[in-house]
Amino acid sequence: MADRDPVIVGVADTPLENGLVPGGLSPLQITAFAAKAAVEEAGLSLDDVDGLLTAGMWGNPGAGALPGLTLSEYLNICPRFTDSTNIGGSAFEAHVAHAAMAIEKGYCEVALITYASTQRSDASRNLGGRPAALTFQFETPYGMPTPAGGYAMAAMRHMHDFGTTAEQLATIAVNTRGWAMRNPAAMYRAPLTVDEVLASPMICDPLRKLDCCLVTDGGGAVVMTSAQNARRLNKPAVYVRGYGESHTHWTMGAMPELSRLVAAERAGEAAFAMAGIGPDSIDLAEIYDSFTITVLLTLEALGFCKPGEGGAFSEKGRTAPGGDFPINTNGGGLSYAHPGMYGIFLLIEAVRQLRGECGARQVAGVKTALCHGTGGTLSSGATTILANS
Amino acid sequence: MYQKPLPQPDAGTRPFWEAARAHRLCIPKCRACGQFHFYPRALCPHCRSADLDWVDVSGRGRVHTFTIARRPAGPAFKEDVPYIVALIDLEEGPRMMSNIVTGDVEGVRIGDPVKVRFEDVSAEISLPKFIPA
Ligand SMILES: [Zn+2]
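This one's a predicted model, so the numbers in the text were calculated from it and none came from an experiment.

Asks: Would you mind going over the overall build of chain B in detail, with residue names and values included?
Replies: What chain B contains, in helices and strands, is one helix and seven strands. The helix and strand sequence of chain B, counted from the amino end, reads α-β-β-β-β-β-β-β. Its C-alpha atoms give chain B a radius of gyration of 15 Å, within 12% of the compact-globule value 14 Å for 133 residues. Along the three orthogonal principal directions, the C-alpha set of chain B runs to about 45 × 35 × 20 Å. Expressed as a percentage of the 133 residues in chain B, the buried residues total 45%. Here the contacts in chain B between residues at least 6 apart in sequence split such that 49% fall between residues at least 24 apart. Approximately 6,400 Å² of chain B is accessible, and the part contributed by carbon and sulfur atoms is 49%. Here chain B contributes 18 positive and 16 negative side-chain charges, whose respective centroids are spaced 3 Å apart.

Following this line, the structure appears as structure tokens:
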């Protein structure tokens with residue numbers, strides 16, 4: 001192991017009660033507590049942090065418009081590496097990539113990645129909301145519910161192109177619920193059937209309520225450093241072996257192909273090439289599940305199955321507990337929690353699985369895990385490949 | 001009084017909205033490579049040329065994909081539910097988002113032929129929408 005190899009040494013997520021952060025904490029309070037927990041788990045203190053990476057949707061317009069500035073001030077950190085890349089929910093996988101490069105270069109020693117959201121407390125999910133200016137002047141006037149409508153149009157096209165069925169999409173929600181039932185922190189833990197998913201109200205055809213992620217609060221933090229630094233810290237290091245990122249569009253009219261994730265293909269290809277492995281070497285995947293269709297498209301884009309075969313792949317139960325390809329083992333955005341930009345929770349769960357800390361939902365013998373975030377409206381993709389040796 | 005969000009034309013898009021007000025669908029065509037694009041940009045996305053023309057197009061196209069919104073995109077759309085939001089592939093090539101105005105939302109299919117029909121929503125703005133052709 002090279003001394004400057006980038007590793008993850010601390011993670012933390014904010015405990016929720018029925019999807020809410022107890023006490024009505026502000027996004028800044030949530031961030032501070034998650035950051036403190038993550039650095040202390042590693043055996044570090046906030047004094048050691050010299051790289052600060054964050055993305056979020058709080059306080060904008062206002063203090064959240066320049067979130068790195070506000071957070072460094074609030075935490076009293078003066079970073080020498082800073083990154084507020086915001087490409088939607090995949091931002092945190094991109095942050096791991098950027099922090100990895102900074103650590104390898106010796107540009108910083110301890111990088112802190114954070115996220116916080118109070119969207120459920122604020123009851124702020126707004127299906128319309130985007131000002132009809134600039135690129136959005138050609139979409140907002142037509143009333144596409146965002147983001148569900150865009151994902152629905154992709155699902156509709158995938159059904160048309162490949163014969164994917166509503167039942168197959170539903171199996172993704174069902175398999176994910178199977179994992180949530182083993183996670184005491186998950187919001188939805190009751191058993192779920194395909195028939196129940198199909199009986200849930202239609203939101204945007206062909207997506208039903210149970211094809212859509214939860215709307216919760218949440219907060220999380222990830223701490224990275226070098227392999228050399230990690231030797232004296234508390235937790236076994238989780239190595240960053242590969243990463244990639246890309247994005248193609250934000251408005252749906254500009255998406256290159258409605259039934260294919262070009263950004264995820266590019267991100268995945270780069271990450272696998274860097275890690276020197278292929279999809280067959282992945283023991284566990286944490287795949288952004290804003291909607292069931294997101295998972296299906298991502299499985300295809302990353303090469304876990306062929307284009308058009310995502311439905312059949314999930315239908316066989318391979319991704320459920322006991323299956324040979326575990327994904328979203330915390331219960332995912334569909335059943336665990338989804339505070340707007342979910343990507344940091346993919347990393348947190350993968351790290352805990354690689355450390356063997358996951359109790360009833362622990363996957364045996366995990367050595368290599370993949371996280372893939374999706375942001376915007378199927379717009380951005382960022383992949384992180386992690387390993388415990 | 002029209003309550004839904006109105007497009008905010010800018011220097012790069014005003015010719016499109018002015019034509020729409022006259023019930024013409026008018027989009028950029030590149031003089032360098034001959035291809036149309038939408039939405040209007042300063043540079044042709046195909047060849048990066050800035051030598052662009054505004055050209056009236058047929059207003060005919062096909063449904064590339066769509067969804068039926070069962071929940072409105074905000075209160076202003078509440079009375080329209082269920083309504084169709086679609087991506088239309090214009091005969092001339094580009095793809096645009098719009099609504100398909102039809103009494104039979106359940107009958108819409110990918111590949112259906114559609115044609116433009118303008119809806120006057122304010123003194124300045126007419127929205128291009130589509131009806132089954
Ligand atoms: Zn051109």
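Asks: Can you break down the sheet that holds strand β9 (residues 284-287) of chain A residue by residue, with the values?
Replies: All names here are of chain A. The strand order β3-β2-β4-β7-β1-β8-β11-β10-β9 describes an open sheet built from nine strands, whose pairing is mixed. This sheet does not close on itself; its edge strands, each paired only once, are β3 (81-83) and β9. Each neighbouring strand pair of the sheet contributes to a mean axis angle of 25 degrees, computed without reference to strand direction. As defined by bridge partners, β9 adjoins strand β10 (residues 368-375) across four bridges and the pair is classed as parallel. Opposite Ile-287, over in β10, you have His-372 as the bridge partner. Contacts from helix α8 (residues 262-275) reach β8 (238-247), β10 and β11 (380-387), with the element oriented near 150 degrees to β8.

Asks: For the coordination of the zinc ion, give the residues involved together with the corresponding values.
Replies: Residue and element names in this part refer to chain B. Looking at the zinc ion, the protein donor atoms are Cys-30 (SG), Cys-33 (SG), Cys-44 (SG) and Cys-47 (SG), and they sit 2.3 to 2.4 Å from it. Around the zinc ion sit four donor atoms, and with donor-metal-donor angles ranging over 100 to 116 degrees the site reads as tetrahedral. Sequence spacing among the residues donating to the zinc ion works out to C-x2-C-x10-C-x2-C.

Asks: Kindly report on the interface of chain A and chain B, identifying the contributing residues and their values.
Replies: Contact residues are listed per partner, giving 33 residues for chain A and 38 residues for chain B. Contact between chain A and chain B buries roughly 2,900 Å² in total, counting both sides, with carbon and sulfur atoms accounting for 64%. If you look at where chain A meets chain B, you find one salt bridge. We note a salt bridge from Arg70(B) to Asp205(A), for which the minimum N-O separation is 2.7 Å. Counting across the interface, chain A meets chain B through 13 residue pairs in polar contact (both at pLDDT 80 or more). With six residues, the top contributor of residues to the side of chain A that touches chain B is helix α4 (residues 148-162) of chain A.

Asks: Please set out a negative patch on the surface residue by residue, giving values where relevant.
Replies: Residues Glu167(A), Asp195(A), Glu196(A) and Glu315(A) make up a contiguous surface patch of negative charge. Tracing the backbone through its elements, the reader meets Asp195(A) in helix α6 (residues 194-199).

Asks: How would you sum up helix α3 (residues 91-104) of chain A? Please name residues and give values.
Replies: Residue and element names in this part refer to chain A. Taking 1.5 Å per residue, 14 residues should reach 20 Å; α3 reaches 20 Å between its end C-alpha atoms and fits that length. In terms of residue burial, α3 counts as a mostly covered element, since 12 of its 14 residues are buried. Positive phi appears at Gly-106, one or two residues downstream of α3, with a value of about 75 degrees.

Asks: I'd love a proper account of the environment of Ala133(A), names of residues and values included.
Replies: Considering the arrangement of structural elements, one finds Ala133(A) in the loop between β4 (111-117) and α4. Placed 229 residues apart in sequence, Ala133(A) and Gln362(A) show a C-alpha to C-alpha distance of 47 Å.

Asks: Describe the packing of helix α1 (residues 27-42) of chain A against helix α2 (residues 67-75) of chain A, listing the residues and the values that go with them.
Replies: All names here are of chain A. Two elements in contact, α1 and α2, have axes separated by 11 Å at closest approach and are oriented at 65 degrees. Helix-helix and strand crossings are classified by hand; for α1 and α2 the assignment is right-handed. Residues Leu-28, Gln-29, Thr-31 and Ala-32 of α1 pack against Thr-70, Leu-71, Tyr-74 and Leu-75 of α2.

Asks: For α8(A), give the residues involved together with the corresponding values.
Replies: All names here are of chain A. Across its 14 residues, α8 extends 20 Å between first and last C-alpha, which sits within 8% of the 20 Å expected from 1.5 Å per residue. For α8, every residue scored as buried is listed here: Val-262, Ala-263, Ala-264, Ala-267, Gly-268, Ala-271 and Phe-272. Taken together, the buried residues of α8 touch β8, α9 (292-301), β10 and β11.

Asks: Describe the side chain of Glu139(A), and please don't skip the residues or the numbers.
Replies: Secondary-structure assignment places Glu139(A) in the loop between β4 and α4. Among all residues touching Glu139(A), those that are not within four sequence positions of it are Thr251(A), Met252(A), Gly253(A) and Met97(B).

Asks: Could you give me a rundown of the pattern of salt bridges, with the residues and numbers involved?
Replies: Residues and elements named next belong to chain A. Enumeration according to the criterion identifies 24 salt bridges over all chains in this entry. A salt bridge links Arg-80 to Asp-50; the nearest nitrogen and oxygen atoms lie 2.9 Å apart. With Arg-80 in the loop between α2 and β3 and Asp-50 in the loop between α1 and β2 (51-54), this pair connects stretches of sequence that are 30 residues apart. Of the residues examined, Asp-50 reaches a relative accessible area of 12% and is grouped as buried. Here the salt bridges do not stand alone but share partners, grouping Glu-41, Lys-235, Arg-355 and Glu-357 into one network.

Asks: For the packing of aromatic side chains, give the residues involved together with the corresponding values.
Replies: Within a pair of aromatic rings, the relevant descriptors are the distance that separates the centres and the angle that separates the planes. With the rule as written, the count across this model stands at 17 aromatic pairs over all chains. Centroid distance Phe16(B) to Trp17(B): 4.9 Å. Interplanar angle 85 degrees. Geometry classified as edge-to-face. The exposure class assigned to Phe16(B) is buried, which follows from its relative accessible area of 1%. An aromatic cluster is defined as three or more aromatic residues linked by ring pairs; in this entry it consists of Phe138(A), Phe16(B), Trp17(B), Phe38(B) and Tyr39(B). Positioned above the aromatic ring of Tyr39(B), the side-chain terminus of Arg41(B) is 4.0 Å from the ring centre.

Scoring rules and cut-offs
- Residues numbered from 1 in each chain as written.
- Chains lettered and ligands numbered in written order.
- Predicted model: local features only at pLDDT ≥ 70, side-chain atom pairs only at ≥ 80, totals over all residues.
- Heavy atoms only, no water.
- Helix = DSSP H or I, 4+ residues; strand = E, 2+ residues; numbered from the N terminus.
- Rg over C-alpha atoms; globule rule 2.2 N^0.38 Å.
- Buried < 20%, exposed > 50% of the residue type's maximum accessible area, 1.4 Å probe, protein only.
- Contact = heavy atoms within 4.5 Å.
- Areas by Shrake-Rupley, 256 points an atom, 1.4 Å probe, with all protein chains shown as cover.
- Lys, Arg positive; Asp, Glu negative; His and termini not counted.
- Charge placed at Lys NZ, Arg CZ, Asp CG, Glu CD.
- Pairing = 2+ DSSP bridges.
- Axes fitted to C-alpha atoms, helices over the stretch in contact; angles between N-to-C directions.
- Donors = N, O, S within 2.8 Å, 3.2 Å for Na, K, Ca; no water.
- Tetrahedral: all angles 85-135°; square planar, octahedral: opposite > 155°, others 65-115°.
- Buried area = accessible area lost by both parts, 1.4 Å probe.
- Salt bridge = Lys/Arg side-chain N within 4 Å of Asp/Glu carboxyl O.
- Polar contact = N/O pair within 3.5 Å; in protein donor to acceptor, adjacent residues only side chain to side chain.
- Patch = residues over 30% accessible without salt bridge, like charges linked within 9 Å, V, L, I, M, F, W, Y side chains within 5 Å.
- Expected span 1.5 Å × (residues − 1).
- Left-handed = near helix turned anticlockwise from the far one by under 90°.
- Phe/Tyr/Trp six-rings, centres within 6.5 Å; stacked < 30°, edge-to-face > 60°.
- Lys NZ or Arg CZ within 6 Å of the ring centre and 35° of its normal.

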